[in-house]
Each structure stands twice: as C-alpha cells, then as structure tokens.
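Examining the three-dimensional arrangement
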Amino acid sequence: MIGPSDFEFLQRFLKDKSGLALGDDKRYLLETRLDPVMKKASVASITQLVATLRERGSSPLAEAVIEAMTTNESLFFRDKRPFDQLAALILPELISRRPPGQPLRIWCAAASTGQEPYSIAMLLRDNERLLGGRRVEIVATDLSAEVIERAQEGVYTQFEVQRGLPVHYLLKCFNQEGQMWRINADIRAMVRFSRLNLLQSFAHLGQFDIVFCRNVLIYFDAATKTDVLGRIANLMARDGYLVLGGAESVLGLSSELVPGSQHGFYIRKN
C-alpha cells in the first residue's frame, strides 16, 4: 500500500517529468504499473523507490517509472474519421494554397509505437495525385524511448495489424515475417522519429502545416494543456491545422486556436 507522502511525491514527480496529472483515485494503477519496474530494478518497496528517485531524479530507474505510467495505446487509422477528412478535405485545401514544390510538413506529437504516423504515410502514398509531386515530411515524436525504438523498427504483431488497418494496406504496405508483419521500407522512410517531451521546448522542429496531437492532452491538467497548446499554435502555419482526439478540445484552454470546419480539427485564430 502506498503511503500518503510517497503517493504525493510520485504525483509531483510524474507531473514535473511527463505532464501526467495522476488523480487521488489512481493509487491502485500506480502500484500495478510500478510493480514490474521495482522487480526488475530489485527495489523492495514503493518507499525505497521514492527514496531512490529523490536522490537521483534523472536515472534509468526514473525513465522506467515514467515509461511505465505513460499510456502508449495506439492502433492504425484510429477513429478513422480524421484520416478520411485529411484525405478528402484538408490535404486538397492546403495544397491548393501552397506554391508548387513547397514541402508539406506534418507532426505527430504523440506517435507511440508508430501506427498514427505510418497511417498518415500510407494514406499519402495512396493519394499521391493530391500532392502534385511535392515532398511530404512526417515528423513523429514521443516521450518514451522504448516506443520510439519499436516505431522505427516498424514491426507489428498479427493482433496489431488487425486493429483498424484495412486489408488492402496490409497486403500492399507490409511483409510478413513469421508471426510478425514489417511495414515496407518506403513507408518507413517517409517518417522521421525522435524522442521529445512536450513539456520542453519543441521550437526547433520548425513550422508545420498539420499537427496531430491526439489523446495526450487528456492526461494533463488545465495549465499544462494551455501551455502545450500555445506552443503548438506557434509552430503551425497561419492556415495550418491541429488535430486533437475525440474527447479533447481547445475551448477554455487556448486564445490562439479555434474549432475548424471539421470536427476535431482546429485552426489558428486570425
């Protein structure tokens, strides 16, 4: 059982390091997810774990705690509708306003194990005629080093490719390797993965036409959401789009972003 002081420390630690706002009703979740971490590190108790984190705030153990507590749920073409809107409406609109040859830049800000950026890459490859020969840059980032490594490999289980991936994409864009499926090299080459903490500066990434930041803000408190949204807005092209998850919104959190004409898509306030 986690004592009050240990729980309060872990709440502060996770919020400071990852933005995760852990409610008081999440003690059981904390115990469940940290138990494998403690066993692997030969840490006997939560109290010992907290003492070690207090002593060495940045360490492999601290990274393991953060990775254990951050949710990395992902699937191909998750929620489907944003991808349909991207192909049918958003891409044609943006490309019509861009001079020929200007690259299109897309950022997936919580890429997890890669299903979202690879879904975008496959969609773009399937709709090359829309691009008019222009180059597309897909930047994919995540807090977790472990999931970024998995994403770069582009290897998925049968269960993972069955979750949301249309059969024609599986047949066209993947090769089977035993019980696993590896996404083709040409699709992998369309995505540049790197590790990034949204609590830290991401200005170095440059300007983007489209930013996908889906199903991550729900884990932040209001102040952190406002901060992250403000900095994302600064990276968006003046006519660019931010795509949030179905349960997320900018309302009451951002003075720079407003809902666009498509559900889940947000634009800069002009």
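Above this note sits the structure.
No experiment lies behind these values; they were computed from the predicted model shown.

Cut-off values and rules
Residues numbered from 1 in each chain as written. Predicted model: local features only at pLDDT ≥ 70, side-chain atom pairs only at ≥ 80, totals over all residues. Heavy atoms only, no water. Pairing = 2+ DSSP bridges. Helix = DSSP H or I, 4+ residues; strand = E, 2+ residues; numbered from the N terminus. Axes fitted to C-alpha atoms, helices over the stretch in contact; angles between N-to-C directions. Phe/Tyr/Trp six-rings, centres within 6.5 Å; stacked < 30°, edge-to-face > 60°. Buried < 20%, exposed > 50% of the residue type's maximum accessible area, 1.4 Å probe, protein only. Lys NZ or Arg CZ within 6 Å of the ring centre and 35° of its normal. Contact = heavy atoms within 4.5 Å.

1. With respect to the sheet that holds strand β3 (residues 155-157)
- Strand order in this open sheet of three strands is β3-β5-β4, and the pairing throughout is antiparallel. In the strand order of this sheet, the two ends are held by β3 and β4 (174-177), each with one partner. On average, each strand axis in the sheet is inclined to that of its neighbour by 35 degrees, with strand direction left out of account.
- Sheet analysis places β3 next to strand β5 (residues 180-183), joined by three bridges and oriented antiparallel.

2. Considering the packing of aromatic side chains
- Scanning the entire structure with this criterion turns up ten aromatic pairs.
- Considering the side-chain rings of F83 and F212, the 6.1 Å spacing of their centres and the 25 degrees angle between planes classify their relative orientation as stacked. One end of the pair, F83, is in helix α5 (residues 81-96); the other, F212, is in strand β7 (residues 208-212), with 129 residues separating them in the sequence. The burial state of F83 is the same as that of F212; both residues are buried.
- Among the aromatic residues, those joined into a cluster by ring pairs are F77, F83, Y169 and F212.
- Lying over the aromatic face of F208, R105 brings its terminal NZ or CZ to 4.3 Å of the ring centre.

3. Considerations on the side chain of E116
- Tracing the sequence through the fold places E116 in helix α6 (residues 115-126).
- Judged by relative accessible area, which is 7%, E116 ranks as buried.
- In this structure, E116 is in contact with S74, F83, C108, F212 and R214, ignoring residues within four places of it in sequence.

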